Amino acid sequence: MRSTKTIHVISAHAEGEVGDVIVGGVLPPPGETIWEQSRWIAKDQTLRNFVLNEPRGGVFRHVNLLVPPKHPEAQAAWIIMEPEDTPPMSGSNSICVATVLLDGGLIEMQEPETHLVLEAPGGLVRVRAQCKDGKAERIFVQNLPSFAAQLSATVEVAGLGAVTVDTAYGGDSFVIVDAGALGFSLTQDEANDIAKLGVKITDAANAQLGFAHPENPDWRHISFCLFAGPLTKDADGLKTSAAVAIQPGKVDRSPTGTALSARMAVLHAQGLMKTGDRLTARSLIGSTFSGEILGETSVGGCPAIRPEISGRGWITGVHQHMLDPSDPWPEGYRLSDTWGAK
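Model, not experiment: these values are computed from the prediction.

Calculation criteria
- Residues numbered from 1 in each chain as written.
- Predicted model: local features only at pLDDT ≥ 70, side-chain atom pairs only at ≥ 80, totals over all residues.
- Heavy atoms only, no water.
- 1 Å grid on protein atoms, 1.4 Å probe; cavity = no way out; pocket = protein on both sides within 12 Å on 5 of 7 lines; lining within 4 Å.
- Points joined across faces, edges and corners; volume = space filled by probe spheres on them.
- Helix = DSSP H or I, 4+ residues; strand = E, 2+ residues; numbered from the N terminus.
- Nonpolar A, V, L, I, M, F, W, Y, C, P; charged D, E, K, R; others polar.
- Buried < 20%, exposed > 50% of the residue type's maximum accessible area, 1.4 Å probe, protein only.
- Contact = heavy atoms within 4.5 Å.
- Expected span 1.5 Å × (residues − 1).
- Phe/Tyr/Trp six-rings, centres within 6.5 Å; stacked < 30°, edge-to-face > 60°.
- Lys NZ or Arg CZ within 6 Å of the ring centre and 35° of its normal.

**A few points about empty space enclosed by the protein**
So, step 1. All told, the structure shown has two cavities of 30 Å³ or more when counted by the stated rule.
So, step 2. In this structure, the largest cavity spans a volume of roughly 80 Å³.
So, step 3. Together, 14 residues line the largest cavity, and E82, S90, D252, T256 and T258 are the ones closest to its centre.
So, step 4. Broken down by secondary-structure element, the contributors of at least two residues to the lining of the largest cavity are α3 (91-103) and α5 (257-269).
So, step 5. Split by residue class, the lining of the largest cavity holds three nonpolar, eight polar and three charged.
So, step 6. Considering only enclosed or pocket space, the second largest cavity measures out at about 50 Å³ in volume.
So, step 7. L226, T240, S241, A242, P255, A259, L260, R263, L279 and A281 are the residues that line the second largest cavity.
So, step 8. Contributing elements (two or more residues each) for the lining of the second largest cavity: β15 (237-246), α5 and β17 (278-282).
So, step 9. Residue classes in the lining of the second largest cavity are distributed as seven nonpolar, two polar and one charged.

**What to know about the side chain of T202**
So, step 1. Among the structural elements, T202 can be located in helix α4 (residues 191-208).
So, step 2. Owing to a relative accessible area of 1%, T202 belongs among the buried residues under this scheme.
So, step 3. In contact with T202, not counting residues within four places along its chain, are V175, I222, S223, F224, C225 and Q247.

**Some words on α3**
So, step 1. Spanning 13 residues, α3 covers 18 Å between terminal C-alpha atoms, matching the ideal 18 Å at 1.5 Å per step.
So, step 2. In terms of burial, α3 is largely enclosed, as twelve of its 13 residues are buried.
So, step 3. Looking at α3, one finds that the buried residues are G91, S92, N93, S94, I95, C96, V97, A98, T99, V100, L101 and L102.
So, step 4. Just past α3, the residue G105 takes up positive phi, approximately 80 degrees.

**Quick word on the packing of aromatic side chains**
The relation between two aromatic rings is expressed through the spacing of the ring centres and the mutual angle of the planes.
So, step 1. Evaluation of the coordinates by the stated rule reveals seven aromatic pairs.
So, step 2. Between the aromatic rings of F147 and Y169, the centroid separation amounts to 5.4 Å while the plane-to-plane angle is 20 degrees, which identifies the pairing as stacked. Residue F147 is found in strand β9 (residues 147-148), and its partner Y169 is found in strand β11 (residues 161-169); the two are separated by 22 residues along the sequence.
So, step 3. A relative accessible area of 3% means that F147 is categorised as buried.
So, step 4. Note on F174 and F224: the rings are 5.3 Å apart at their centroids and 50 degrees apart in plane angle, and the pair reads as tilted. With a gap of 50 residues between them, F174 in strand β12 (residues 173-178) and F224 in strand β13 (residues 224-228) connect regions that are remote in the sequence. Each of the two residues, F174 as well as F224, counts as buried.
So, step 5. What links up through ring pairs into an aromatic cluster is the set F147, Y169 and F211.
So, step 6. Seen from the ring of F50, K5 lies directly overhead, with NZ or CZ sitting 4.5 Å from the centre.
So, step 7. Across the ring face of F140, the terminal group of R128 is positioned such that the distance to the ring centre comes to 3.8 Å.

In C-alpha cells:
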C-alpha cells in the first residue's frame, strides 16, 4: 500500500455522538497556546479536510487531535475539529478523549476512580472517571464557565416569523428555542426538520443578535441551535429532552454537553436552578448527559456558573487513514446532499 501520510486514529462515541481521536501521525501545530494551535488548524484547513471530508469523514464525524499540553497541571491536551468549527470546548468530545486516554492505555487507569486534568482550546477541564474492570464507565467533566447572554430576545426567521430565543455559552455558543412552541416533540422522526430549521435559526440569530465572548475576542458567532424540551422534576433533579442542530445541517446524536451547560446557565439566570441542582438531558436516540451546577463565578464581569457534565463513552475501532499519492481528491470532497442540504 502506498501512502504519503498515515494518521492513526482511535474511534469512539459518547452517548451516540462520534468523537474520533488522532493518536499518531500528526505533529503538533504551531502556537504558544492550545487556543493558538486550534486557530492554526482552523485557518490551515488541511488536517480538517483530510479527516472530516468524505471519503474518510462525513458530516456525522468529529475528530480530536491529541497534542502536548501547555499548562503545567494538564496531563494531555486536544484540539476539537467539528464539521464547520474548531471550537473552544465540546462535552461529547471531551468524554471521547478521556475514554480513549484511559481505555486505550495512554494514561494509567486507577480504579475505582481516575482523576485527570485536560487542556481544551478554551481552557483547563478537570475530569474524573468512574472505572471498573479496565473500563472507564462514566466520565465527569468540569466544563468551562458558562453564562447566559441574551434572554427572551426576538429573532425573525424566514418562513417562521418572530421566534423568542435565549443565547448562552456553555463552552460553545448557542441560540436556544422552546421546542414545543415550534411544534416539536423531540422524537427521532423529527431529526431532519430540526436540523434544517436549526441552521436557519442559527443563521438568523447570528445576523440579528450576534455573540461576543467577553474574554475571547476570537469567538464572535453562535455555533448551534438548541431545541429545548419541557422541564420535569423527580427525586434526582430536573429532567428534559434536547436536540442540537449542528452546522451545516445535522442533529447531535448525544444530548450535547456544551448545550446542557448553556441551558443550566440560562436556568440559573432565570432563577430556576441554583448551586447543587442537577439537570439531565435526553437526546433524540434516548441517550443522556447529566449536569450539575457546582458553583457560581464570572466571565469578564458576566455572571456565570461552574457546570459539571457527565456521560459515557465507548471505543469503536482503530483506524489508519492513508493518502495514496495518485488520489485526485487528497483533501476529500463535500456534496450538498449531506453537507448543508437545504
